[in-house]
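# Architecture and fold: a report
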Amino acid sequence: MRILLPIAGISVHIWTVIGIGGVIGLLSGLLGIGGGFLMTPILMMIGVPPTVAAASGTNAIVATSSSGVAAHFRLHNVDFKMGVILLCGGLTGSGFGVQILRLLRQLGRADLVIDLTYIVMLGLVGGFIVRDSWRKMRHGLMASPIHDGLHRRSFLSHLPLQMDFPHSGVRHSVLLPFALCFLVGILTAIMGVAGGFVLVPMMVYLLRMPAHVAVGTSLFQALFTCAGATIMQAGSNQIVDLVLALLVAVGSTIGAQVGARLSRFLRGEQLMILLGALALAVMFKMVADRVQAPSVPISQIARVDFVQPVQHLALGFVFKLGR
Amino acid sequence: MGVTVIKRDGLREKRGRRWKVLALAVAAVALVPVLAALATFAQTAPAPAQMPVPKLLPEKIAMGAFYNGARVRIEGTAPPGSGVLVVIEGSERDEFFNRKGRVGPIWLTVDRIHVQHAPSVFLSFGSSALSSLLDRQGVEEYQLDEAAIMQRIHVLCHCKCSLTNRAQQSGIHDTVPDPTYAHLLYADFLRLKQHEGNYRQLPGAVSLVSASSGTRYALEFEWPKQAPAGNYQVAVYACRGRRVIARSTTTLQLVEVGFPEYMATMAAKKPWLYGSAAVLAAIAAGFLTDLLTSSLRRKRRAPKTTKMSQPGTPIVEPGEKTAESHKTESAPKPTQRLNAQEKTAGSYDDETLQRC
């Protein structure tokens, strides 16, 4: 059965779209990634215009994240305190990143920097996770020197605003998660994605949060980021297709539920190795795409300024509070 | 004195001749374009006559919620002995593209391209090959093939604008590319449109039948599913002796109706409300799915707990009460349901055991 997408203006098979959502939702629930870096290219493959695909994908991630957050909340996998700090850090960092991106565009080499950042980040994150998780799986937890890495560093434990995060079972200065998420925010502004695939490893390896709690908390953060982006994209550019988003959401929410349940049957290292393998697979695909000559060298502009609307939203709130 | 006067007269005569020669030369130069224009006017074919307006079936394509493309039929009558060309064109719009180029071993986005005045759809159907129906001059005059419409499309490049739509529309940093590069960009754009199926040429698709009133033509084709809503101009050209002898035009409407129309209108007129509604709907969908799956899981768990119960429970007929069921009669409904399931599960286990 086919259905017309009112904003995209194309007719698509319902089950194809739901199936796409299902696969992305499964990965989202399992690994705590929003799925933005997979959603846009897959929707473009079925003929959705790139800008509509990116904006509607963001809306669908809201549904996936809310379903994932609810499931993870029931499993006690969401650290709200940490989530709020990460959200604040991420929004501030993304605001800074947008300015860097603007500067790069003025220099005329933004696309080159974005592409290289993608490849390097995916390669580094994926390679590190796979290597570390493989070592843990083979030789046990003690094999990893990172597990207690930050705790050893005395200057971090002496930072001001120390706070207990009982849900994650860690104690950190508020400045640490804020600063880490600030850096992730800069990267996500440049790369144009929500950044779950960078945030989850950071929470696990640098903040020493349990992998399951990191996944739930990352989804909590993605829910707010994507909700803001959807409202801004609909308000400024009118490119959010609700029908497309809901169809993807139907598949992705079911997939996210399955993913969240499935995550209980996998150990933390296994989850991380899956995330690392996915990041490496996407990186290899990107490298392959850039080495092969394209059949048609021009393509419609795909990337939507994803974080800028969120930054505007955050600034709007701050402005209102200041009044 | 007399010699001086004669000399002056001679000088005047000489000057007068020079002016006459100059005036004649200017007149001759001015006459060249006039004569050329006259010659062109004399060569220009008479304006094509008007043909009866073609009949469209359907005249309006409604894009409802379950729109799956449409089959369009165009028919009419052309002057006797003529070939027919049907051209369908969508409204012009601006589009933005990234262009990839080789930088060392890899392909990277090297330029941003802004295409202006490009028709959204260009479909050309002929009763035979275009070159047999019209000469090149006629094709370019009426813009009847993709190469001809490229003449009115403008390609600009190196737009360093922001990627949001609002900034794209401003297009303030566009520059005109050099002719060699521009030629390459036109070719790329055309290839992309053909690849998408929005620009197509189908010679031999129009069928002709000779009739007493003239040549009856008919064309039936699948409307491109990805074509956007809007008005499409349908032009029919009757050609004879490789020239257009008659033409007629009409409009085919592609309109969104029902739910898609409502959504598109709301997105355009109340964008902030639409955005907020989209977020709320997505959150509701997420929590609803979570609620459904968790309740399903609870239902599935119930038989699992009964498997843990003793298999030696006596066989109970439906409706029959046992001592245990009497005890649980006053209990809330979920417990009753659970007990019923327990009994059934218990009896099933007994039956299985007996069979064994």
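Cut-off values and rules
Counting starts from 1 at the beginning of each chain's written sequence and moves along it residue by residue. Ligands are numbered from 1 and chains lettered from A, in the order in which they are written. Two thresholds apply to this predicted model, a pLDDT of at least 70 for residue-level local features and 80 or more for giving and counting side-chain atom pairs, whereas whole-chain, interface and lining totals are computed over all residues. Only hydrogens and water are set aside when side-chain values are computed; all heavy atoms of the structure are taken into account. Here a helix means four or more residues in a row that DSSP labels H or I, a strand means two or more in a row labelled E, and each is numbered from the N terminus. Only protein chains enter the area calculation, which uses a 1.4 Å probe; residues under 20% of their type maximum are buried, those over 50% are exposed, and those in between are partly exposed. Between two residues, a contact is recorded if the distance between any of their heavy atoms is within 4.5 Å. The accessible surface values rely on the Shrake-Rupley method and a 1.4 Å probe; as for residues, cover is taken only from the protein chains in view. Defined in terms of a 1.4 Å probe, buried area is the accessible area two parts forfeit on being brought together, summed over both. All amino acids are sorted into three groups, where Ala, Val, Leu, Ile, Met, Phe, Trp, Tyr, Cys and Pro are nonpolar, Asp, Glu, Lys and Arg are charged, and the leftover types, Gly among them, are polar. A pair of strands is treated as paired once DSSP finds two or more bridges between them. Every axis corresponds to a line fitted to the C-alpha atoms, with the helix fit spanning only the stretch in contact, and the corresponding angles, defined between N-to-C directions, vary from 0 to 180 degrees. Put simply, buried Ala, Val, Leu, Ile, Met, Phe, Trp, Tyr and Cys residues joined by side-chain atoms within 4.5 Å make one nonpolar core. What counts as a salt bridge is simple: a side-chain nitrogen of Lys or Arg found within 4 Å of a carboxyl oxygen of Asp or Glu. pLDDT is defined as a per-residue confidence score from the predictor, taking values between 0 and 100. Every angle not falling under 35 degrees, over 145, or within 65 to 115 is termed oblique; those three ranges are roughly parallel, roughly antiparallel and roughly perpendicular. By convention, the crossing between two helices is left-handed when the near helix turns anticlockwise from the far helix through less than a right angle, and right-handed when the turn is clockwise.

Next up on the list: the overall build of chain A. Across its full length, chain A holds 13 helices and 5 strands. Each of the 323 residues in chain A was classed as buried or not, and the buried ones make up 61%. Restricting to contacts in chain A with at least 6 residues of sequence separation, those with at least 24 account for 79%. Taken as a whole, chain A presents about 12600 Å² of accessible surface, with 71% of it coming from carbon and sulfur.

Okay, the interface of chain A and chain B next. Each partner contributes to the interface: chain A provides 60 residues, whereas chain B provides 60 residues. Across the chain A to chain B interface the summed buried area is about 5300 Å²; carbon plus sulfur atoms make up 64%. A class-by-class count of the residues in the side of chain A that touches chain B yields 29 nonpolar, 20 polar and 11 charged.

Moving on: the sheet that holds strand β4 (residues 71–78) of chain B. Strand pairs in the sheet, formed through backbone hydrogen bonds, run parallel or antiparallel to each other. All names here are of chain B. Taking strand neighbours across the sheet as the criterion, the 4 strands line up as β2-β4-β12-β11 in an open arrangement whose pairing is antiparallel. If you trace the sheet from one side to the other, it starts and ends with β2 (55–57) and β11 (207–211), each paired once. Sheet twist, expressed as the mean angle between neighbouring strand axes with direction ignored, is 15°. Bridge analysis of β2 against β4 gives 3 bridges, and the strand direction is antiparallel. Following the sheet pairing, leucine 56 is matched in β4 by isoleucine 74.

In this section: the environment of Gln162(A). Counting through the fold element by element, Gln162(A) comes out in strand β3 (residues 162–165). Taking the C-alpha atoms as reference points, Gln162(A) and Leu175(A), 13 residues apart in sequence, are found 8.4 Å from one another.

This part takes up the side chain of Thr250(B). Along the chain, Thr250(B) turns up in strand β14 (residues 243–256). Apart from the residues lying within four places of it in its own chain, the contact partners of Thr250(B) are Val53(B), Pro54(B), Leu56(B), Tyr232(B), Gln233(B) and Val234(B).

The next subject is the pairing of β3(A). Consecutive side chains of a regular strand alternate in pointing toward one face of the sheet and then the other. All names here are of chain A. With 4 bridges connecting them, β3 and strand β4 (residues 170–173) associate as antiparallel partners. The partner of glutamine 162 across the bridge, within β4, is serine 173. Where β3 hands over to β4, the hairpin turn is made up of 4 residues, of which glycine 169 adopts a positive phi near 70°.

What follows deals with the nonpolar core. Within soluble globular proteins, side chains that are nonpolar tend to cluster in buried spots. With 44 residues, the main nonpolar core has Leu122(A) and Met272(A) as its most contacted residues. Of all elements in the fold, only α1 (14–31), α4 (80–107), α5 (110–139), α8 (175–191), α9 (196–205), α10 (211–237) and α12 (268–291) of chain A reach the threshold of two or more residues within this core. Excluding residues that lie within four positions of it along the chain, Met272(A) makes contacts with Ile129(A), Ser133(A), Val200(A), Pro201(A), Val204(A), Tyr205(A) and Ala211(A). Within the second largest apolar cluster, 39 residues are counted, among which are Ile18(A), Ala53(A), Ala249(A) and Val279(B).

Let's shift gears to the pattern of salt bridges. Residues and elements named next belong to chain B. Summed over the entire model, instances satisfying the criterion amount to 12 salt bridges over all chains. Across the pair glutamate 95 and lysine 193 runs a salt bridge whose closest N-O atoms are separated by 3.0 Å. Here the residue glutamate 95 occupies a position in strand β6 (residues 92–103), and lysine 193 occupies one in helix α6 (residues 179–196), the gap between them amounting to 98 residues. In this pair, the class of glutamate 95 matches that of lysine 193, namely buried. Each member of the salt-bridge network shares a partner with another, and the members are Arg71, Arg73, Glu75, Glu220 and Glu222.

Time to look at the confidence of the model for chain A. Residues and elements named next belong to chain A. On average, chain A scores 74 in pLDDT, and the residues at 70 or more come to 79%. Low pLDDT (under 50) marks residues 142–152, which in the prediction has 14 contacts with non-local residues, meaning those over four places away or in another chain. Predicted confidence for residues 302–323 stays below pLDDT 50, and this span has 46 contacts to residues more than four positions away or in other chains.

Further remarks concern the packing of helix α3 (residues 50–74) of chain A against helix α11 (residues 242–264) of chain A. All names here are of chain A. Running from amino to carboxyl end, α3 crosses α11 at an angle of 30°, the nearest separation of the two axes being 8 Å. Classed by the angle they form, the pair α3 and α11 counts as roughly parallel. By crossing handedness, the relation of α3 to α11 is classed as right-handed. Two secondary-structure elements touch here, α3 through Ser56, Asn59, Ala60, Ala63, Thr64, Ser67, Gly68, Ala71, His72 and Arg74 and α11 through Leu242, Leu244, Ala245, Val248, Ala249, Ser252, Thr253, Ala256, Gln257, Ala260, Arg261 and Ser263.

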